[in-house]
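Descriptive structure summary
One letter stands for each residue in the lines below.
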Amino acid sequence: MPSIEILLAGAMMVALTFYALMGGADFGGGVWDLFAFGPRKRAQRELIAEAIGPIWEANHVWLILVIVILFTAFPPAFAAVATALHIPLTLMLIGIVLRGSAFTFRSYDKRTDDAQRRWGRVFSIASLITPIWLGVIVGAISSGKVRGESPTTIDGFVVSWFAPFPFAVGLFALALFAFLAAVYLTLAAKDESLREDFRLRALASAIAVGVMALIVFLLSASGAPVIRERLGQSWWTWPLQIATGVFAVCAIAALWKRRFRLARFCAAAQAALILWGWGVAQYPYLVVPDLTISNAAAPAITLRLVWWALIAGAVLLFPSFYYLFRVFKRGGADAQIGSEHP
Amino acid sequence: MDDLLAARSQMAMSLAFHIIFAVAGIAMPLMMCIAEWRWLRTRDETYLTLAKRWAKGTAILFAVGAVSGTVLSFELGLLWPEFMRWAGPIIGMPFSLEGFAFFTEAIFLGIYLYGWDRVSPRAHLLAGAMVALSGAASAIFVVIANAWMNTPTGFQLVDGKPVDIDPIAAMMNPSAMGQTVHMLLAAYAAVGFAVAGVHAYLLLKDRNNLFHRHALAIALAVGGVTAILQPLSGDLLGQTLARYQPVKLAAMEGHFKTEQGAPLRIGGWPDEESATTRYAIEIPYGLSLLAFHDPQAVVKGLEDFPRDLWPPVAIVHIAFQVMVGAGMVMMLLALWAAVSAWQRKALPDSRWFLRSVVFSAPMGFIAIEAGWTVTEVGRQPWIIQGVMRTAEAVTPMPGLEIPFITFTLLYLFLAVIVVWLIARQVSDSPRVYATPADNVEREEGYAFD
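Everything numeric here is computed off the predicted structure, so don't read it as measured data.

What about the overall build of chain A?
On a plain count of helices and strands, chain A comes out with 13 helices and two strands. Taking the principal axes of its C-alpha atoms as reference, chain A extends roughly 55 × 45 × 40 Å. The buried share among the 342 residues of chain A stands at 57%.

Structural notes on unusual backbone geometry
The omega angle of the peptide bond from A:V288 to A:P289 is 0 degrees, so this bond is cis rather than trans. Position of A:P289 relative to the elements: it lies in the loop between β1 (285-287) and β2 (291-292). Geometrically, the link from B:Q380 to B:P381 is a cis peptide bond, its omega value of 5 degrees lying close to zero. Summarising the element assignment, B:P381 is placed in the loop between α12 (363-379) and β9 (382-384). Here A:R258, not a glycine, exhibits a phi torsion of approximately 60 degrees, which is positive. Mapping A:R258 onto the fold places it in the loop between α10 (237-256) and α11 (260-282). Despite not being glycine, B:Y279 shows a phi value in the positive range, around 60 degrees. Of note, B:Y279 is situated in the loop between β6 (276-278) and β7 (281-283). A tally of 8 C-beta atoms within 10 Å means that B:Y279 is categorised as exposed.

Observations concerning the interface of chain B and chain A
With 56 residues of chain B at the interface, the matching set in chain A holds 56 residues. Those elements giving two or more residues to the side of chain B that touches chain A turn out to be α2 (45-79), α3 (81-114) and α14 (401-427) of chain B. Here the side of chain B that touches chain A is built from residues that sort into 38 nonpolar, 13 polar and five charged.

Describing the confidence of the model for chain A
All names here are of chain A. When pLDDT is averaged along chain A, the result is 89; 96% of the residues meet or exceed 70. The secondary structure element of chain A with the lowest average pLDDT is helix α13 (residues 332-340), at 40, and the one with the highest is helix α7 (residues 164-188), at 95. pLDDT under 50 marks residues 332-342. Its contacts with residues more than four places away, or in other chains, come to 11 contacts.

Observations regarding the packing of helix α1 (residues 3-42) of chain B against α12(B)
Residues and elements named next belong to chain B. One can describe the packing of α1 onto α12 by two numbers: an axis separation of 11 Å at closest approach and a directional angle of 140 degrees. Taken together, the axis directions place α1 and α12 in an arrangement best described as oblique. As for how α1 packs across α12, the hand of that crossing is right-handed. Counting all contacts with α1, which are made through A12, L15, A16, I19, I20 and V23, the residues of α12 involved are F365, I368, E369, W372 and E376. The residue inventory of the contact of α1 with α12, partitioned by class, reads nine nonpolar, no polar and two charged.

As for the environment of A:A126
All names here are of chain A. Relative to the elements of secondary structure, A126 occurs in helix α6 (residues 113-143). We classify A126 as buried; it has 22 C-beta atoms within 10 Å. Separated by 30 residues in the primary sequence, A126 and I96 place their C-alpha atoms 7.2 Å from one another. Not counting chain neighbours up to four residues away, the residues in contact with A126 comprise G95, L98, R99 and A102.

What counts, and at which threshold
- Residues numbered from 1 in each chain as written.
- Chains lettered and ligands numbered in written order.
- Predicted model: local features only at pLDDT ≥ 70, side-chain atom pairs only at ≥ 80, totals over all residues.
- Helix = DSSP H or I, 4+ residues; strand = E, 2+ residues; numbered from the N terminus.
- Buried ≥ 20, exposed ≤ 12 C-beta atoms within 10 Å, placed from the backbone.
- Contact = placed C-beta atoms within 7 Å.
- Nonpolar A, V, L, I, M, F, W, Y, C, P; charged D, E, K, R; others polar.
- pLDDT = per-residue confidence, 0-100.
- Axes fitted to C-alpha atoms, helices over the stretch in contact; angles between N-to-C directions.
- Parallel < 35°, antiparallel > 145°, perpendicular 65-115°, else oblique.
- Left-handed = near helix turned anticlockwise from the far one by under 90°.

This is the structure we're talking about:
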């Protein structure tokens, strides 16, 4: 049985994975709103809005869960990250505020093209920028430049994130979220031509994901040496990398063959494995190199209570989420595709 | 502006902004549910329209509340990392629970807003009830964390560090009960009166519109009952303050000299230099009676405490007067409506009554902002009462005016848009009259229908 702090770090990874797979795809939807083109431009945007409308707020809460576990169970790590990465965190928050409010304003503003276009632009640009900052933050945490002690110079608030590696991770996150969104949207689409639009987008962004993965890997040599060393040398790294690669290839093949349910499964598995590959490479660090899961952990009583709160919360949460998705994500295209490909 | 003041300003501005949307997220779902329940009971379509209309407003307010709440959860660390490093293990627990309450609220609000045609009417009403319940639970958990900052418990202090941590004892701190009840009642009262004010204004222009009559009745019931109950929870809090935060109480009352049989001061201007509160109306024995339920009790004045532990007295005293004054206006109006409802089985119908409701529409929100000013400014110079000073908690990040100004402008922009969108919704109200021939069907514009 792993120790309780490791279980909590694992729970944080689980929440982050859900955030990437669900909340990430909502941002990706915004990206495809920005890049909507062709004869079905309007239909694409309506499909995106319909797909994320009922669920984006619930999906967004995964991020809050990550943060509350972090600051309750590992307070020094939260303090270190929030201090050293003040600037990218603030920029990400501005993106989160503008994405959510502009999306809602668009839904409740006049139906005229002008009003819709105005809010649509704010929503979609914020959807593009926010994942980049999220990736920059993750990249900086892995880089080894965010230290346990607070920075003492103005430079100290910039050097840890203003580097090629964090921004490469930012673009990687963006590509991954856009890819997930495109794959999910093939299942949400109700007519064939719209589905083809998103199939092509999914294939294109799958390539972008591959390219960005390679760039991040190459840059990690100098940008995140500790993580790179572990990815290169540990015994678990090859099975994990191979599994990620297999799902990536399967996702593309399934999209090619129009097996959209299979594509969704493979894309989600690929994204989850990428995250867990990073998570395992970080282990036992929370913030490389000073703060580890054990030296940043809160007293045992706090950890135990948070753990029980998470279990009680999960009992409430998962049935509720299941209900939400059953109400909104069944029927329509899903059912049709199901009957085409039994 | 120094960095500490910038950090405090950003936090104050973020909280003042978020609280408006947070209370809407607590109270609007209750009112929607009442309207929908009335529809299920009476099959009067006006109630269904009302529930749908209120739901639209709630959708806008909730989204802004969700994103501004996210900002706050990060700002705890962005602005006060040392506070979080110290207090996270003790008081992170209610935030974790709040996380789950927020989840439930967001999930079921999604079902409520978009699920009118997808789930059965009973399941739909139940989803609304889940939203209302989890909204209230969120508020309780967050206010418990704030109450702990006022009356910290659940740890031993050894060499400035907390040991023997007990997060459950921290949640059960002495202010928790009083503060959570006070905040919940405030939320229902503020939103009830604000919504009642909007419908009263429209009724003044369109006297027989049943849509607004139904709306006014529900909103006033929610706001009125809670406004009448509010002084009881205030009394509970006053006694907690007298015991645990006598400096804050003294500042609230502009009470400088320790006295037996202390008077209650209404209004007035506290002057820290001369240690007197001028121009106040004094009610003999009032303060002793309120703080200790004993006219002869000794109430400690500010003079008993070191000068550097005084909060800004004038701000705290005046904010407190504003809160109580606004609360009184609401309570009196609620009593007027209650007496009429009791005697005539109907709300008062006069123009003067409707005008009073319009006048009192912002009172609840004024009281909430003033009340939080009392709580937060009244705790200064401490971030954790008696344990950690605000100045010790602040981030070393330089140039904090920049995020302060950025978020202020961002929130001002959002505020303007929200007001404009809600005004648009309101100006397009349905018209429903007792005689069917007068009814005008209005198109229900709904997102992407």
